[in-house]
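# Commentary on secondary and tertiary structure
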Amino acid sequence: MGWSKERLEEVARTRLNGAKLVIVANREPYIHRYRNGEIEWIRPAGGLTTALDPVMQACGGVWVAHGSGDADAQVCDEQGRVGVPPDDPNYILRRVWLTKEEEEGYYYGAANSMLWPLCHQVFARPVFDPAHWDAYRKVNQTFAEAVLEEAAGGPAMVFVQDYHFALLPRLLKNARPDLVVAQFWHIPWPNSEKFLVCPWAKELLDGMLGNDLLGFQTQGDCNNFLESVDRSLECRIDRERFAVERSGQDTTVKPFPISVDPALADEYLGDDWEARAALVRKKYRLGQRPLLVGVDRVDYTKGIPERLRAVDRLLHKHPELKGQFHFVQVGAPSRMHIPAYRHLTEEVEGLAEKINWTHGNWAWKPVVFLNEHYGAADIFVLYRMAAGCVVSSLHDGMNLVAKEFVSARGDHQGVLVLSKFTGAARELTDAVLINPFDVDELAEGMVTALHMPPAEQERRMRRMRSIVEEHNIYRWAGLLLSEVSKRVPDPTPEMESASTTAQAPHNHAAAATAVEERIARENFLTAMHLASAGA
Ligand code: G6P
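Below or above, wherever it landed, is the structure these notes cover. (Residues numbered from 1 in each chain as written. Predicted model: local features only at pLDDT ≥ 70, side-chain atom pairs only at ≥ 80, totals over all residues. Heavy atoms only, no water.)

### Details of the overall build of the protein
Of regular secondary structure, the protein possesses 20 helices and 18 strands. Taking 24 Å as the expected radius of gyration for a compact globule of 535 residues, we find that the protein reaches 24 Å, a close match to that expectation. On the principal axes, the C-alpha backbone points of the protein span a range of 75 × 55 × 50 Å. Split into buried and exposed, the 535 residues of the protein put 57% on the buried side. Considering only residue pairs separated by 6 or more positions, the protein has 75% of its internal contacts joining residues 24 or more positions apart. With 59 positive and 73 negative side-chain charges, the protein shows a separation of 4 Å between the mean positions of the two kinds. (Helix = DSSP H or I, 4+ residues; strand = E, 2+ residues; numbered from the N terminus. Rg over C-alpha atoms; globule rule 2.2 N^0.38 Å. Buried < 20%, exposed > 50% of the residue type's maximum accessible area, 1.4 Å probe, protein only. Contact = heavy atoms within 4.5 Å. Lys, Arg positive; Asp, Glu negative; His and termini not counted. Charge placed at Lys NZ, Arg CZ, Asp CG, Glu CD.)

Structure, rendered in structure tokens:
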């Protein structure tokens, strides 16, 4: 049987044995912000939130995240809680407030100037600053307090996301040994030589071994992690069971390649996508020419300058293709407070301008760079219009743009040009696989995409779609929950009888309590909804 939202709901209900689900991720799934004096909400760019929101919608529970929008506080209660999705709430977002100094040291510093470059093989030098590290520790503690509040009063499973919270699992386990704690590391794990240059490597590893389950994107990442642990900490590694035993605690380490909800594509495209596509063509003067598209946060791991240099190379090598296509790059602004990201934005703008000057004319601009935040509905229209989608990450844990593109192509057309150095390349072997550091190979990959006969496009796209349909986000979450639920204690006799009686219609008192609880929850969510809608 395939994995669906309904099957995940069922797994969450039966396997969690009534334990509450608390997700922790730095980035919130919905951001409230002021625009023209009004409060609006947006969904941030980046694969993590896109992937996990449907999981929370299926399982329910609480998502603890940094409240980063300038109107976030306006729509929350005193605890920082708001029901989401804002237009139809069905789970709770608990926002944690950070000071500017904390955000600077923890998010821009330790997370994104140290761990991000440390974990990606892109030749960017990590910054090891003790002040950043202090802030990272402190913020992990702040999140631990918020999670413990949310998990108070009963059994809970805490599912921690990513490199912002390496210390959190240990803090949670020390405070509440009964909590079941799992973590998913969305980005790659480097080899041990590279990782162990970090001055706080041992603390990071020890923090992560507070987990019952630790998931990575690939087996290679798991092996690198186990090697790092083996070379630096006192512990026993059981390679048969993929487990680390340290001070009496067992951590299972396994790969769980993340994915998307393929069913969302039709929702985003809607019935009017062709009309919206026509508007895009008109707005950017694209005529009826084929489009190659790139959709990324502007991040130096994504290989955006490499991609543009390949467009330049292609136009030099194949002048017959001048005027025959456009390259449309959506580049969502990201982490702009970090100099490397600001410089990258300037570099991409400069390259786009130079290519357009060199090869273009008044009637045809080869590169269209859209340096703005695009919503999912617009991005899916671009995916659907494209002759090809180019994902040229220099190193990427998974890359969900590749899977989204495939999910958008119900017409079985379109070519995916995909970097070999993404997790996605292991599953989507029918993409045109390229080395993004090799400008000629990348340029030829784009030419292949522009020339591929429809029948071959269809053959490849059908195979890729069946992989994304089967290995969807519900399977990812379902397998993770099933694995970690082995650690969820069996319900106590009292819990068991409460849950069976709550389901039995003849026990009015228990049934009423269950309904009251449901109504209280719904009232809370509705109140939150009204607060955010009316605000
Ligand atoms: C990557 C990280 C996520 C992060 C996302 C967006 O996918 O693995 O943890 O949320 O990028 O980056 P941002 O810094 O904006 O959250």
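### A word on the nonpolar core
Core analysis: the biggest nonpolar cluster contains 93 residues, and Phe 143 and Phe 225 have the highest contact counts within it. A domain split of this core shows at least three residues from each of domain 1 (5-259 + 473-534) and domain 2 (264-470). Aside from chain neighbours lying at most four places away, what touches Phe 225 is Trp 189, Leu 205, Met 208, Leu 209, Leu 214, Phe 216 and Val 253. One finds Trp 3, Leu 52, Val 55 and Phe 159 within the second-largest nonpolar core, a separate group that totals 84 residues. (Core = buried A, V, L, I, M, F, W, Y, C linked by side-chain atoms within 4.5 Å. Domains from an automatic or database assignment.)

### Here's the deal with the pattern of salt bridges
Applying the stated criterion to the full structure yields 40 salt bridges. Here Arg 95 ties to Glu 28 by a salt bridge, and the two come within 2.6 Å at their closest N and O atoms. Of this pair, Arg 95 sits in strand S6 (residues 91-96) while Glu 28 sits in the loop between strand S1 (20-24) and strand S2 (31-35); the two residues are 67 residues apart in sequence, bridging distant segments of the chain. You'll find Arg 95 and Glu 28 in the same group, each marked buried. Between Arg 384 and Asp 411 there is a salt bridge whose closest N-O contact spans 3.7 Å. In this pair, Arg 384 sits in helix H13 (residues 376-385) while Asp 411 sits in the loop between helix H14 (400-408) and strand S17 (415-419), placing the two residues 27 residues apart along the sequence. (Salt bridge = Lys/Arg side-chain N within 4 Å of Asp/Glu carboxyl O.)

### Observations concerning the state of the cysteines
By the definition in use, this model includes 0 disulfides. With no disulfide of its own, Cys 119 has Cys 198 as its nearest cysteine by sulfur position, at a separation of 9.1 Å. (Disulfide = S-S within 2.5 Å.)

### Let's talk about helix H11 (residues 304-317)
A rise of 1.5 Å per residue sets the reference length of H11, with its 14 residues, at 20 Å; its end C-alpha atoms lie 20 Å apart and thus fit the reference within 8%. Listing the buried residues of H11 in full gives Ile 304, Pro 305, Glu 306, Arg 307, Leu 308, Ala 310, Val 311, Leu 314 and Leu 315. Looking at the packing, one finds that the buried side of H11 touches strand S13 (291-297), strand S14 (326-332), helix H12 (339-359), strand S15 (367-370), strand S16 (388-391) and helix H16 (439-451). (Expected span 1.5 Å × (residues − 1).)

### Regarding the site of the ligand
The local shell around the ligand consists of Arg 27, Ala 45, Leu 48, Tyr 107, Trp 116, Asp 162, Tyr 163, His 164, His 186, Ile 187, Arg 297 and Arg 335. In the model, an oxygen atom of the ligand is placed 2.5 Å from a nitrogen or oxygen of the Asp 162 side chain. Within the contact set of the ligand, an oxygen atom lies 2.8 Å away from a side-chain nitrogen or oxygen of Arg 335. In isolation the ligand has 370 Å² of accessible area, and contact with the protein removes 90% of it. (Near = heavy atom within 4 Å. Polar contact = N/O pair within 3.5 Å; in protein donor to acceptor, adjacent residues only side chain to side chain. Areas by Shrake-Rupley, 256 points an atom, 1.4 Å probe, with all protein chains shown as cover.)

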